[in-house]
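What follows is each chain in one-letter form.
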Amino acid sequence: MNPPDRKRQSAVALAYQGQDSAPRVVAKGRGLIAQAIIEHAREHGVFVHESEELVGLLMQVELDQSIPPQLYLAVAELLAWLYRLERGESFADEKPRL
């Protein structure tokens, strides 16, 4: 059991397909659901980024809805960082500015 002052873990999964105008929220949850989303992502080799601020904003987006334009820049920075990470570029512990 989590201590009362500790926030429950949250997770949001995004997906993007060519016909989409923007990434969509395909899964989200708190507590055990969040743990399952994270575990599923890691089992499939999907990188898990931890940004409480971005997750908090994405939790407000309904399932299967595109992210709002206000989050385009933050998500684009995250995707660009992930792309560079997947290419094996060195970051010296650099993280995206989210």
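Residues numbered from 1 in each chain as written. Predicted model: local features only at pLDDT ≥ 70, side-chain atom pairs only at ≥ 80, totals over all residues. Heavy atoms only, no water.

**A look at the layout of surface pockets**
Within this model, the largest pocket holds a volume of roughly 1,300 Å³. Taken together, 40 residues line the largest pocket, and the ones lying closest to its centre are S10, A11, V12, H49 and V55. Within the residue set of the lining of the largest pocket, elements represented by two or more residues are strand 1 (10–15), strand 2 (24–30), helix 1 (32–43), helix 2 (52–58) and helix 3 (72–86). (1 Å grid on protein atoms, 1.4 Å probe; cavity = no way out; pocket = protein on both sides within 12 Å on 5 of 7 lines; lining within 4 Å. Points joined across faces, edges and corners; volume = space filled by probe spheres on them. Helix = DSSP H or I, 4+ residues; strand = E, 2+ residues; numbered from the N terminus.)

**What about the nonpolar core?**
Soluble globular proteins tend to bury their nonpolar side chains together. Counting residues in hydrophobic clusters, the biggest one holds 15 residues, and the most contacted among them are V12, L54, L58, I67, L71 and L78. Mapped by element, the contributors of at least two residues to this core are helix 2 and helix 3. Of all the elements, helix 3 adds the most residues to this core, at five residues. (Core = buried A, V, L, I, M, F, W, Y, C linked by side-chain atoms within 4.5 Å. Buried < 20%, exposed > 50% of the residue type's maximum accessible area, 1.4 Å probe, protein only.)

**So, the environment of E50**
Here E50 shows up in the loop between helix 1 and helix 2. Separated by 40 residues in sequence, E50 and S10 have C-alpha atoms that sit 9.8 Å apart.

**Here's the deal with the packing of aromatic side chains**
With the rule as written, the count across this model stands at one aromatic pair. A ring pair is formed by F47 and W81, whose centres lie 5.3 Å apart and whose planes are at 65 degrees; its orientation type is edge-to-face. With a gap of 34 residues between them, F47 in the loop between helix 1 and helix 2 and W81 in helix 3 connect regions that are remote in the sequence. (Phe/Tyr/Trp six-rings, centres within 6.5 Å; stacked < 30°, edge-to-face > 60°.)

**Section: the pattern of salt bridges**
Within this structure, the stated rule accounts for two salt bridges. When the shortest N-O distance is used, the salt bridge between D20 and R24 registers 3.2 Å. A relative accessible area of 13% places D20 in the buried class. On the basis of relative accessibility, which here comes to 16%, the residue R24 falls in the buried class. Linking R24 and D64 is a salt bridge whose minimum nitrogen-to-oxygen distance equals 2.3 Å. (Salt bridge = Lys/Arg side-chain N within 4 Å of Asp/Glu carboxyl O.)

All we've got here are geometric facts, nothing functional implied.
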